[in-house]
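Per-entry structural report
So the chains spell out like this:
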Amino acid sequence: MCGVYHFYDPWTSPQKQAQHYINTVKLQKGDFVPVVDVERSGRSSADLRKDLLAFIKELELHYGVKPIIYASAKFRRRHLNGSEFDSYPFWVAHYYVVRPGTDKHWRIWQFTDHATVDGIGEYTDFNVFRGTEADFNSLRIK
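As the structure is a prediction and not an experimental result, all values here were calculated from the model.

**Digging into the overall build of the protein**
In terms of regular secondary structure, the protein is built from four helices and six strands. Secondary structure elements of the protein occur, N-terminal to C-terminal, as β-α-β-α-β-α-β-β-β-α. Here the protein has a C-alpha radius of gyration of 15 Å; the compact-globule value for 142 residues is 14 Å, and the two agree. C-alpha extents for the protein along the principal axes are approximately 40 × 35 × 30 Å. Considering the protein as a whole, with its 142 residues, one finds that 41% of them fall into the buried category. Counting contacts in the protein only where the partners sit at least 6 residues apart, residues at least 24 apart contribute 52% of the total. In the structure as shown, the protein presents an accessible area of about 8100 Å², 52% of it carried by carbon and sulfur atoms. Counting 19 positive and 17 negative side-chain charges, the protein places the averaged centre of each group 6 Å from the other.

**What to know about a nonpolar patch on the surface**
Where nonpolar side chains cluster on the molecular surface, the patch consists of Val-117, Ile-120 and Phe-126 and spans about 220 Å² of accessible area. Positionally, Val-117 belongs in the loop between β5 (106-115) and β6 (124-129). Using a relative accessible area of 31% as the deciding quantity, one classes Val-117 as partly exposed.

**Things to note about helix α1 (residues 14-24)**
Of all the residues in α1, the buried ones are Pro-14, Gln-17, Ala-18, Tyr-21 and Ile-22. Here the buried residues of α1 occupy an arc of 130° about the axis, which is enough to place them on one side. Structural note: α1 exposes Lys-16 and His-20 on the side pointing more than 90 degrees away from its buried face. Lining the buried residues of α1 we find β1 (5-7), β2 (35-37) and α2 (45-63). Structurally, the start of α1 carries an N-cap: the backbone nitrogen of Gln-15 is 3.2 Å from a side-chain oxygen of Ser-13.

**Some remarks on α2**
Each full turn of the α-helix corresponds to 3.6 residues, which orients residues three or four apart in the same direction. Here α2 is 19 residues long and its end C-alpha atoms lie 26 Å apart, about the 27 Å a rise of 1.5 Å per residue gives. Every buried residue of α2 is listed here: Ser-45, Leu-48, Arg-49, Asp-51, Leu-52, Phe-55, Ile-56, Leu-59, Glu-60 and Tyr-63. Next to the buried residues of α2 lie β1, α1, β2, β3 (68-72) and α3 (73-79). Immediately beyond the C-terminal end of α2, within one or two residues, lies Gly-64, with a positive phi of roughly 75°.

**Regarding the packing of α1 against α2**
For the pair α1 and α2, interaxial distance at closest approach is 8 Å and the crossing angle is 30°. What the angle tells us is that α1 and α2 run roughly parallel. Relative to α2, α1 is oriented so that their crossing is right-handed. Note on element contacts: α2 touches α1 through Asp-51, Ala-54, Phe-55, Glu-58, Leu-59, His-62 and Tyr-63, opposite Pro-14, Gln-15, Gln-17, Ala-18, Tyr-21 and Ile-22. Residues of the contact of α1 with α2, tallied by class, amount to eight nonpolar, three polar and two charged.

**Some details on the pairing of strand β4 (residues 90-93)**
The alternating pattern of β4 places Phe-90 and Val-92 on one face and Trp-91 and Ala-93 on the opposite face, and all of these are buried. Pairing of β4 with β5, which is carried by four bridges, proceeds in the parallel orientation. For Val-92, the partnering residue across the bridge sits in β5 and is Trp-109.

**A few points about the pairing of β3**
For β3, the tally of buried residues reaches four of five residues, placing the bulk of the element in the interior. As judged from the three bridges shared by β2 and β3, these two strands associate in the parallel manner. Across the sheet, the residue bridging to Val-36 is Ile-69, located in β3. With four bridges connecting them, β3 and β4 associate as parallel partners. Across the sheet, Ser-72 pairs through a bridge with Ala-93, a residue of β4. As a crossover connection, the stretch from β3 through α3 into β4 is right-handed.

Scoring rules and cut-offs
- Residues numbered from 1 in each chain as written.
- Predicted model: local features only at pLDDT ≥ 70, side-chain atom pairs only at ≥ 80, totals over all residues.
- Heavy atoms only, no water.
- Helix = DSSP H or I, 4+ residues; strand = E, 2+ residues; numbered from the N terminus.
- Rg over C-alpha atoms; globule rule 2.2 N^0.38 Å.
- Buried < 20%, exposed > 50% of the residue type's maximum accessible area, 1.4 Å probe, protein only.
- Contact = heavy atoms within 4.5 Å.
- Areas by Shrake-Rupley, 256 points an atom, 1.4 Å probe, with all protein chains shown as cover.
- Lys, Arg positive; Asp, Glu negative; His and termini not counted.
- Charge placed at Lys NZ, Arg CZ, Asp CG, Glu CD.
- Patch = residues over 30% accessible without salt bridge, like charges linked within 9 Å, V, L, I, M, F, W, Y side chains within 5 Å.
- Salt bridge = Lys/Arg side-chain N within 4 Å of Asp/Glu carboxyl O.
- Arc of directions from axis to C-beta.
- Polar contact = N/O pair within 3.5 Å; in protein donor to acceptor, adjacent residues only side chain to side chain.
- Expected span 1.5 Å × (residues − 1).
- Axes fitted to C-alpha atoms, helices over the stretch in contact; angles between N-to-C directions.
- Parallel < 35°, antiparallel > 145°, perpendicular 65-115°, else oblique.
- Left-handed = near helix turned anticlockwise from the far one by under 90°.
- Nonpolar A, V, L, I, M, F, W, Y, C, P; charged D, E, K, R; others polar.
- Pairing = 2+ DSSP bridges.
- Right-handed = clockwise from strand over helix to strand, strands pointing away.

Written out as structure tokens, the structure is:
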């Protein structure tokens, strides 16, 4: 299983970014669904929501799955608080807390960027998945 994420650029056309992702990423059965990392707001929250939705809709149409939106809890509350994103899986980055400070929609929680793993010479991220094995498998290309 492999997974590929896209660092979303709010100053670049969402159609151009989607086309680049589609032309570059050839996902196969069993691979993780596309992930879009959103960390920059651009011009306004309204513009970001409109353009991001256009981007993820193109990926959804092409791959036949809902992409995962990755952002910090603070960014989600500040810029992606519209209900138009409620049906998309959310991967929240919120470090050093007992539970993520965000809504009920998170599916994956990145709770630290300071974990150690044998074989990796530097600190790495750790995540928690919320759901069953079937829920996890629903985030894979069919």
